[in-house]
Amino acid sequence: RAIAVGSANVFIPIYFLLNRMNQMVRNARHGETRKYTAQAEKLLKEIEDWNWVGILNKVAILAEMFFTLQVGVSKVTYIFLSWLSRQLAAVNFGLVCVLVL
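Residues numbered from 1 in each chain as written. Predicted model: local features only at pLDDT ≥ 70, side-chain atom pairs only at ≥ 80, totals over all residues. Heavy atoms only, no water.

Draft legend 1. Seen up close, the overall build of the protein. Along the backbone of the protein there are 5 helices and 0 strands. When the helices and strands of the protein are listed from N to C terminus, the series reads α-α-α-α-α. Radius of gyration (C-alpha) of the protein: 26 Å, far over the 13 Å computed for a compact globule of 101 residues. Once the C-alpha set of the protein is aligned to its principal axes, its extents read approximately 80 × 30 × 15 Å. Across the 101 residues that make up the protein, the buried fraction comes to 14%. Long-range pairs, those at least 24 residues apart, make up 47% of the contacts in the protein between residues at least 6 apart in sequence. Accessible area of the protein: about 8600 Å², with a carbon and sulfur share of 67%. Considering the protein, the positive charge centre built from 11 side chains and the negative charge centre built from 6 side chains are found 8 Å apart. (Helix = DSSP H or I, 4+ residues; strand = E, 2+ residues; numbered from the N terminus. Rg over C-alpha atoms; globule rule 2.2 N^0.38 Å. Buried < 20%, exposed > 50% of the residue type's maximum accessible area, 1.4 Å probe, protein only. Contact = heavy atoms within 4.5 Å. Areas by Shrake-Rupley, 256 points an atom, 1.4 Å probe, with all protein chains shown as cover. Lys, Arg positive; Asp, Glu negative; His and termini not counted. Charge placed at Lys NZ, Arg CZ, Asp CG, Glu CD.)

Draft legend 2. Seen up close, the side chain of N19. Note that N19 resides in helix α2 (residues 11-30). The residues contacting N19, other than those within four sequence positions of it, are Y36, T37 and A40.

Draft legend 3. Layout of the packing of aromatic side chains. What the rule picks out here adds up to 4 aromatic pairs. Note on Y15 and F16: the rings are 5.2 Å apart at their centroids and 70° apart in plane angle, and the pair reads as edge-to-face. Judged by relative accessible area, Y15 falls into the partly exposed class, the value being 29%. Given the relative accessible area of 11%, F16 is considered buried. With centroids separated by 5.7 Å and ring planes inclined at 75°, the aromatic side chains of F16 and Y36 adopt a geometry described as edge-to-face. Placement of the pair is F16 in helix α2 and Y36 in the loop between α2 and α3 (38-48), with a sequence separation of 20 residues. With respect to class, F16 is no different from Y36; both count as buried. By the ring-pair criterion, three or more aromatic residues cluster together here, those being Y15, F16 and Y36. (Phe/Tyr/Trp six-rings, centres within 6.5 Å; stacked < 30°, edge-to-face > 60°.)

Draft legend 4. Spotlight on the nonpolar core. Counting 8 residues, the largest nonpolar core is built from A2, V5, F16, Y36, A40, I47, W50 and I55. Elements represented by at least two residues in this core include exactly α1 (2-7) and α3. (Core = buried A, V, L, I, M, F, W, Y, C linked by side-chain atoms within 4.5 Å.)

What follows is the structure, given as C-alpha cells:
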C-alpha cells in the first residue's frame with residue numbers, strides 16, 4: 001500500500017476532484033444527489049479503513065531510502081571509478097581497451 005500511495009500520491013486527489021466534477025454534471029443532468037460516482041464511492045470506502053499513519057510513515061521511509069541509495073551509489077561509483085583509473089594508469093592502453101570490450 002505504501003508503494004502504491006507513494007507512486008500515485010498526486011493522482012489520488014486529482015482522481016477524486018475529477019470524479020466529483022463528473023458527478024456534479026450528472027447531478028445537474030439527471031437530478032441525482034450523490035457526491036461521487038459509484039466506483040469512486042466504493043474506492044473511498046475501501047481506503048477509509050486503511051491505517052494512513054502507518055502507510056505514510058512507510059512512504060517517508062521509502063523516500064528516504066531511495067534518496068540515500070541515489071546519493072550513496074553515485075558517490076561509491078565515483079570513488080570506485082577513480083580507484084580503477086589509478087590502477088589502470090600503469091597498464092597498456094591497448095590491453096585496457098580489450099578488457100573493456
